[in-house]
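# Descriptive structure summary
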Amino acid sequence: TINDYKIYQNNDVSSIGFITNNDITKLKLTDDYINNINELVKVINHSEDNIIKEIPIKYTTVSCSNICIINGSPEFNYEYTSDNKYFLFVHKNKTSNDKSNYQITINDKTFTDYKIPYLIDNKDHVTIKITTKTSESNNYKYHAYLVSYDEYQKLIQNINKNKINNINYINDSNFTFNIDTQNDGLLFTTIAADDGWKVYVDNEKFDFIKIYDGLIGINLHKGTHQIKFTYTPKGFKEGAIISVISLLISIVYLKKEKNN
């Protein structure tokens, strides 16, 4: 605790890299990000169970298609009796930058941040009420979701048992780590697949693959490996050469002027 601030350690945090199977590269991402998460977790967990499911809306005063029709105050209501342990969260479609003109009440408790998960246990009954204050029709699209606690724990366990270790962090553009893999597999990282990255596996330069056109993946054989990441911004070398040449030209010019 520092003054009014508290720092908590998250023991369930995922790794920046872990071993999984190559089936993860075969997923076809869509505009439905909830479905994307479900399919991704299924591959990692070797399961057919969704980690996220939506709670059907019970009652709303808003009817939306291309436009939204409001009957009375803009309000959304949900009710759910849990059959397991879940995290509950509410998501507002990204149709507006407004983040203030709404209020969420869960079991008569008001939440100011709709992204904060609410933990519910087996047989718990929850009522969710969402009211908005704005007249912008695009704001009236809310969804309530449940995240399976069991599937989440399974995900964390699968990541942690195959995650990178012994990270030697020098800076954001230079670090190494070790990885142990019991079988041939794909090292899935959360590192952006920028062309400035160079990857070395056991001190040999290695070509990485792009997962979903955005993340770095490395195909590895069974065994223990040391991985090194180094980053050089695109155009850095060319810019450095031009700068050196310009400096040399300036020195020659100044010396000539001095002699004159």
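For the structure given in this document, a descriptive report is provided here.

The rules behind the values
Residues numbered from 1 in each chain as written. Predicted model: local features only at pLDDT ≥ 70, side-chain atom pairs only at ≥ 80, totals over all residues. Heavy atoms only, no water. Helix = DSSP H or I, 4+ residues; strand = E, 2+ residues; numbered from the N terminus. Buried < 20%, exposed > 50% of the residue type's maximum accessible area, 1.4 Å probe, protein only. Salt bridge = Lys/Arg side-chain N within 4 Å of Asp/Glu carboxyl O. Pairing = 2+ DSSP bridges.

## A look at unusual backbone geometry
- Look at Lys123: it is not a glycine, yet its phi comes out positive at around 75°.
- Following the sequence through the fold, Lys123 ends up in the loop between β10 (118-120) and β11 (125-132).
- You can call Lys123 exposed: its relative accessible area is 69%.
- Although it is not a glycine, Tyr212 adopts a positive phi angle of roughly 55°.
- Within the fold, Tyr212 resides in the loop between β18 (209-211) and β19 (215-220).

## Brief notes about the pattern of salt bridges
- With the rule as written, the count across this model stands at six salt bridges.
- The partner of Asp195 in a salt bridge is Lys210, with the nearest N and O atoms 3.5 Å apart. Taken together, the residues Asp195 in the loop between β15 (185-192) and β16 (197-201) and Lys210 in strand β18 connect sequence positions 15 residues apart.
- In this structure Asp195 comes out as exposed when scored by relative accessible area, which is 57%.
- Look at Lys210 and you get partly exposed, because its relative accessible area is 45%.

## Brief notes about the sheet that holds strand β8 (residues 102-106)
- Taken in spatial order, the five strands make up an open sheet running β3-β6-β11-β8-β9, and their pairing is antiparallel. Pairing within the sheet leaves two strands with one partner each, and these edge strands are β3 (59-60) and β9 (109-111).
- Where strand β6 (residues 75-81) and β11 come together, seven bridges link them in antiparallel fashion. Looking at β11, one finds that Tyr78 is bridged to Ile128.

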